[in-house]
Amino acid sequence: AQSVTQPDIHITVSEGASLELRCNYSYGATPYLFWYVQSPGQGLQLLLKYFSGDTLVQGIKGFEAEFKRSQSSFNLRKPSVHWSDAAEYFCAVVNGNKLVFGAGTILRVKS
Amino acid sequence: DTAVSQTPKYLVTQMGNDKSIKCEQNLGHDTMYWYKQDSKKFLKIMFSYNNKELIINETVPNRFSPKSPDKAHLNLHINSLELGDSAVYFCASSQTMTGSSGANVLTFGAGSRLTVL
């Protein structure tokens, strides 16, 4: 069964600094991977997805993620963080007919 | 127009009561879902329907009963509410079933925060 692990519960970065949020998936066939963002009191918004093809995927709000099969990872990156990026970020993988989420990483941005 | 709308946004009620949360999507999607987000923000699927047919029924107490009158609506009724039912419930929809032909992107509603006292 496919699952994802987000090793970091909280991350704090300074505004303008680069960001990398980690996501590791369990072994299986080619995974379908997603990153969602949840702002306080809001629903989840899709940032980007990987189904196949180019392993570097671009998303909204300047985010990108790289699929690395050798490391079973799908880390989310942003070169320069803005205060409005403070939110919780969820990695997710398709497992059969379900979308299974990681535990989330809370991003704090300090000015 | 909101793509996936849930009502109510907030619900505070006493233990033992029965309550419902409604969800509607105007995206023309075939598949709808209910997810539960607990106090630790962990998201877990509860149910999914495809064209009004129940597809996923996770290990959820039978006090929870979803109903899909048509493919644009998926309601969640909860009987005999317990303290542990306090959570945020998210409705979502996708064009077709996840995994049926590649994967489909889920569009989420804003959530319904249920507090049981």
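In every chain, residue numbers begin from 1 and rise along the written sequence. All chains are assigned letters beginning at A, and all ligands numbers beginning at 1, according to the order in which they are written. Given that this is a predicted model, residues contribute local features only at a pLDDT of at least 70 and side-chain atom pairs are listed and counted only at 80 or more, while totals for whole chains, interfaces and linings are drawn from all residues. The side-chain figures draw on all heavy atoms in the structure; neither hydrogens nor water molecules are used.

Visitor: Explanation requested: the overall build of chain A in the structure shown.
Guide: Starting at the N terminus, helices and strands are each numbered in turn, a helix being any DSSP run of H or I of at least four residues and a strand any DSSP run of E of at least two. For chain A, the helix and strand inventory stands at zero helices and 12 strands. Along its sequence from the N terminus, chain A presents helices and strands in the succession β-β-β-β-β-β-β-β-β-β-β-β. With the radius of gyration taken over C-alpha atoms, the globule rule is written as 2.2 Å times the number of residues to the power 0.38. Computed over C-alpha atoms, the radius of gyration of chain A comes to 13 Å, within 12% of the 13 Å expected from 2.2 N^0.38 for 111 residues, which places it in the range of a compact globule. Along the longest, intermediate and shortest principal axes, the C-alpha atoms of chain A span 40 × 30 × 20 Å. We call two residues contacting when some pair of their heavy atoms lies within 4.5 Å. The contacts of chain A with a sequence gap of at least 6 include a subset with a gap of at least 24, amounting to 53%. Per-residue and other accessible areas follow the Shrake-Rupley method at a 1.4 Å probe size, with only the shown protein chains counted as cover for residues. Taken as a whole, chain A presents about 5,200 Å² of accessible surface, with 50% of it coming from carbon and sulfur.

Visitor: Hey, could you run me through the packing of aromatic side chains in this one?
Guide: Aromatic rings in a pair are described by how distant their centres are and how their planes are angled relative to each other. Here a Phe, Tyr or Trp ring, Trp counted by its six-membered ring, pairs with any other such ring whose centre lies within 6.5 Å, and the pair is stacked when the planes are under 30 degrees apart, edge-to-face when over 60, and tilted otherwise. Using the criterion set out here, one finds 16 aromatic pairs over all chains in the structure. Ring plane angle 55° and centroid distance 5.7 Å describe the contact between Tyr-35 of chain B and Phe-108 of chain B, whose orientation is recorded as tilted. A residue pair is termed long-range when its members are at least 10 positions apart, and Tyr-35 of chain B in strand β4 (residues 31–37) and Phe-108 of chain B in strand β10 (residues 107–108) qualify at 73 residues. Of the two residues, Tyr-35 of chain B and Phe-108 of chain B, neither departs from the other in class, the shared state being buried. Of the aromatic side chains, those joined through ring pairs into one cluster are Tyr-32, Phe-34, Tyr-36, Phe-51, Phe-90 and Phe-101 of chain A together with Tyr-33, Tyr-35, Phe-90 and Phe-108 of chain B. Accessibility here uses a 1.4 Å probe with only protein chains present; expressed as a share of the type maximum, an area under 20% marks a residue as buried, one over 50% as exposed, and anything in between as partly exposed.

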